[in-house]
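Structure assessment
Given next are the chains, with one letter for each unit.
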Amino acid sequence: MPELDPEDEKIVILARSTRARTQAAEGAAVRDTDGRTYAAATVRLPSLTLTALQAAVAAAVSSGAEGLEAAAVVTEEPMVQGASVQAVRDLSPDAPILRADPSGTVRETVR
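Residues numbered from 1 in each chain as written. Predicted model: local features only at pLDDT ≥ 70, side-chain atom pairs only at ≥ 80, totals over all residues. Heavy atoms only, no water.

A separate point is the pairing of strand S1 (residues 27-32). In summary, the side chains of a regular strand alternate between the two faces of the sheet. Among the six residues in S1, six count as buried, and that is most of the element. By the bridge criterion, five bridges tie S1 to strand S2 (residues 37-41) in an arrangement that is antiparallel. Residue pairing in the sheet places Gly-27 in a bridge with Ala-41 of S2. A loop of four residues connects S1 with S2, the two strands running antiparallel in sequence, and Gly-35 in this loop sits at a positive phi of about 90 degrees. Pairing geometry for S1 and strand S5 (residues 68-74), over six bridges, is antiparallel. Within S5, the position partnered with Arg-31 by the bridge is Ala-70. (Buried < 20%, exposed > 50% of the residue type's maximum accessible area, 1.4 Å probe, protein only. Helix = DSSP H or I, 4+ residues; strand = E, 2+ residues; numbered from the N terminus. Pairing = 2+ DSSP bridges.)

Here's what the structure looks like:
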């Protein structure tokens, strides 16, 4: 993969840090159209289940974000879950979604 833009590298680092700190299955981060970032981890409660990317998008929306520039998810999975992609697409139909492995190496960009 080509070298990442510094702002995209930042959201990969945030997603990776969140995943490591919480020991969650996934960590995610998004950057809104104002340049603000939001990070979250997988949520698994008896009454609520969210992918990390859904949780990051929810944090952005609840803080007033109206669109996203980019998203990143750190996971061991070979692909980004459909529900995660849809959460990003609900706000931004063309924001790139970076899928990185636990080491932080970007393996795919979902467009």
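A few words on the pattern of salt bridges. What the rule picks out here adds up to seven salt bridges. Of the charged contacts, one joins Glu-69 and Arg-31 as a salt bridge, the two residues approaching to 2.7 Å between their closest N and O atoms. Linking Glu-69 in strand S5 with Arg-31 in strand S1, this pair joins segments that are 38 residues apart in sequence. Of the residues examined, Glu-69 reaches a relative accessible area of 35% and is grouped as partly exposed. The shortest N-O distance in the salt bridge between Arg-99 and Glu-108 comes to 2.9 Å. Here the salt bridges share partners, and the residues they tie into one network are Asp-8, Arg-31 and Glu-69. (Salt bridge = Lys/Arg side-chain N within 4 Å of Asp/Glu carboxyl O.)

What follows concerns the nonpolar core. Core analysis: the largest hydrophobic core is formed by 21 residues, its most contacted members being Val-30, Leu-53, Leu-68, Val-80, Val-88 and Ile-97. Ranked by residue count, the leading element in this core is helix H2 (residues 52-62), at six residues. In contact with Leu-53, not counting residues within four places along its chain, are Ala-28, Ala-29, Val-30, Ala-71, Ala-72, Val-80, Ser-84, Val-88 and Ile-97. Membership of the second largest hydrophobic core comes to ten residues, among which are Val-12, Ala-70, Val-74 and Ala-100. (Core = buried A, V, L, I, M, F, W, Y, C linked by side-chain atoms within 4.5 Å. Contact = heavy atoms within 4.5 Å.)

Let us now look at the environment of Ala-15. Structurally, Ala-15 is set in helix H1 (residues 6-22). Judged by its relative accessible area of 0%, Ala-15 is buried. Counting along the chain gives eleven residues from Ala-15 to Glu-26, while the straight-line C-alpha distance between them is 8.0 Å. Apart from the residues within four sequence positions on either side, Ala-15 is in contact with Gly-27, Ala-28, Ala-29, Ala-72 and Val-74.

The next point concerns the sheet that holds S5. Pairing is mixed in the open sheet, where five strands are placed in the order S2-S1-S5-S6-S7. The two strands at the open ends of the sheet, each matched to only one other strand, are S2 and strand S7 (106-110). In this sheet, neighbouring strand axes are inclined to one another by 15 degrees on average, regardless of whether the strands run parallel or antiparallel. (Axes fitted to C-alpha atoms, helices over the stretch in contact; angles between N-to-C directions.)

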